[in-house]
Amino acid sequence: MSGYSKKELIGKSHNIVRHPDMSSSIYEELWKTIKRGEVWSGEIKNKKKNGDFYWVNVKIEPIYDAFGEVMGYQSVRFDITDKKLVEELSLTDSLLGIYNRRKFNEIIDYQFTVWRRFKEPFSLIFIDLDDFKSVNDLYGHNQGDRVLIEFTNVINKTIRDVDSFCRWGGEEFLIICPYTDVEGVQVLAQKARTELENYTFTDIGQKTASFGVATVNEKDTIDTLIKRADEALYKAKKLGKNRVEFL
């Protein structure tokens, strides 16, 4: 699976196949579990010798000696790369490569679970490209698609690794911002708005977007939080576009 020979792997650290996309917290949890004498199972993305990646379903358990002491660990791994690629296709927007609405629903469910347990703040940013219809009308849908792709690239470079960027539909987008309070989300949204305002789109020049932000509170459900971010976006549009508004 890894592209390495047995000789190249025996005696080496597992880091030789560790993929940078995998969070350190996953390995910390793995080691805590097996050091307690328990079985750990999960899915891990690894790196091949040639730089490509592969996914494995892993089960790791301790091996005990005659005195009941841990003497090592054994692992069984199955290649699930094809399965993960199919999952990725079903959860990402085919044009832009960012998360689709289905994946957004999955992430926001998880974020609310974390919020209820740990009370760590998180926020939403609702984004709508200003006057996007005119791009399709004047330049055609192919150019409209190019604008969306370039817009996505600008936003992706602005947001943090922990943020989740999703296409809500058409030219509307949502960003889920973990560990982000009222002030933090407005700073992040203003940064994205400025980057976009200063960007020159291929063939059409400048385009702007309006931003609506909202931070979770004790009374919120998923629907009320999204609605508040959407209403903040509507307020930004009503007040002249190319601005950030908070509710």
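Just so we're clear, the structure is a prediction, and the values are computed from it rather than from any experiment.

Quick notes on the rules
- Residues numbered from 1 in each chain as written.
- Predicted model: local features only at pLDDT ≥ 70, side-chain atom pairs only at ≥ 80, totals over all residues.
- Heavy atoms only, no water.
- pLDDT = per-residue confidence, 0-100.
- Helix = DSSP H or I, 4+ residues; strand = E, 2+ residues; numbered from the N terminus.
- Salt bridge = Lys/Arg side-chain N within 4 Å of Asp/Glu carboxyl O.
- Buried < 20%, exposed > 50% of the residue type's maximum accessible area, 1.4 Å probe, protein only.
- Pairing = 2+ DSSP bridges.
- Axes fitted to C-alpha atoms, helices over the stretch in contact; angles between N-to-C directions.
- Contact = heavy atoms within 4.5 Å.
- Patch = residues over 30% accessible without salt bridge, like charges linked within 9 Å, V, L, I, M, F, W, Y side chains within 5 Å.
- Areas by Shrake-Rupley, 256 points an atom, 1.4 Å probe, with all protein chains shown as cover.
- Polar contact = N/O pair within 3.5 Å; in protein donor to acceptor, adjacent residues only side chain to side chain.
- Core = buried A, V, L, I, M, F, W, Y, C linked by side-chain atoms within 4.5 Å.

**Student:** Can you explain the confidence of the model for the protein chain? Please cite residues and give values.
**Tutor:** When pLDDT is averaged along the protein chain, the result is 93; 100% of the residues meet or exceed 70. Per-element mean pLDDT across the protein chain ranges from 80 in helix α3 (residues 81-91) up to 98 in strand β9 (residues 209-215).

**Student:** Just give me the short version of the pattern of salt bridges, but keep the residues and values in it.
**Tutor:** Pairing is possible between side chains that carry opposite charge, provided their charged atoms lie close to one another. Applying the stated criterion to the full structure yields 18 salt bridges. For Asp-93, the salt bridge goes to Arg-167, with nearest N and O atoms at 3.2 Å. With Asp-93 in the loop between α3 and α4 (101-118) and Arg-167 in strand β5 (residues 164-169), this pair connects stretches of sequence that are 74 residues apart. For Asp-93, a relative accessible area of 14% puts it in the buried group. Residue classification places Arg-167 among the buried positions, given a relative accessible area of 16%. Across the salt bridge formed by Arg-243 and Glu-245, the nearest N and O atoms sit 2.8 Å from each other. Overall, Glu-245 belongs to the buried group, its relative accessible area being 10%. Within the structure, one salt-bridge network assembled from shared partners comprises Glu-43, Lys-83 and Lys-84.

**Student:** So what about unusual backbone geometry? Which residues, and what values?
**Tutor:** Phi at Asp-203 is positive, roughly 75°, even though this residue is not glycine. On the accessibility criterion, Asp-203 (59% relative accessible area) is exposed. Its identity is not glycine, yet Lys-241 carries a phi of approximately 70°, on the positive side. Turning to its location among the elements, Lys-241 is positioned in the loop between α8 (222-238) and β10 (244-246).

**Student:** Could you give an account of the sheet that holds strand β2 (residues 53-64), with specific residues and numbers?
**Tutor:** Taken in spatial order, the three strands line up as β1-β2-β3 in an open sheet, and their pairing is antiparallel. Because the sheet does not close on itself, it has two edges, and the strands there are β1 (40-47) and β3 (70-79). Neighbour-to-neighbour, the strand axes of the sheet open up by a mean angle of 35°, direction not taken into account. In this structure, β2 lies alongside β3, joined through nine bridges in antiparallel fashion. The partner of Lys-59 across the bridge, within β3, is Val-76. The strands that helix α2 (residues 24-35) touches are β1, β2 and β3; relative to β1, the one it contacts most, it runs at about 140°.

**Student:** Now, about the sheet that holds strand β6 (residues 172-178): what can you tell me, with residues and values included?
**Tutor:** With respect to topology, five strands assemble into an open sheet ordered β5-β6-β4-β9-β10, the strand pairing being mixed. Of all strands in the sheet, those with a lone pairing partner are β5 and β10, marking the two edges. Taking each pair of neighbouring strands and ignoring which way they run, the sheet shows an average axis angle of 20°. Sheet topology places strand β4 (residues 122-129) next to β6; seven bridges connect them, and they run antiparallel. Residue pairing for β6: Ile-125 is matched across the bridge by Ile-175.

**Student:** Could you give an account of a nonpolar patch on the surface, naming the residues involved and the relevant values?
**Tutor:** Together, Trp-31, Tyr-64, Val-70 and Tyr-73 line one region of the surface with nonpolar side chains, adding up to about 380 Å² of accessible area. With respect to the helices and strands, the residue Tyr-73 is situated in strand β3. What makes Tyr-73 partly exposed here is its relative accessible area of 33%.

**Student:** How would you summarise the side chain of Glu-245 if you had to cite specific residues and measurements?
**Tutor:** Along the chain, the position of Glu-245 falls in strand β10. Separated by 2.8 Å, the side chains of Glu-245 and Arg-243 make a polar contact. Ignoring anything within four residues of it in the chain, the contact list for Glu-245 reads Phe-211, Gly-212, Val-213, Ala-232, Lys-235, Ala-236 and Leu-239.

**Student:** Kindly report on the side chain of Arg-193, identifying the contributing residues and their values.
**Tutor:** Along the polypeptide, Arg-193 turns up in helix α7 (residues 182-197). Among the polar contacts made by the side chain of Arg-193, one reaches the side chain of Asn-242 at a distance of 3.1 Å. Leaving out residues up to four positions away in the same chain, Arg-193 has contacts with Ala-209, Phe-211, Asn-242, Arg-243 and Val-244.

**Student:** Would you mind going over the nonpolar core in detail, with residue names and values included?
**Tutor:** Among the nonpolar cores identified, the biggest contains 28 residues, and Ile-125, Ile-127 and Phe-151 are the most heavily contacted of them. Of all the secondary-structure elements, those providing two or more residues to this core are β4, α5 (132-139), α6 (141-158), β6, α7 and β9. Core analysis: the second largest hydrophobic core is formed by 18 residues, Phe-104, Ile-108, Cys-166 and Trp-168 among them.

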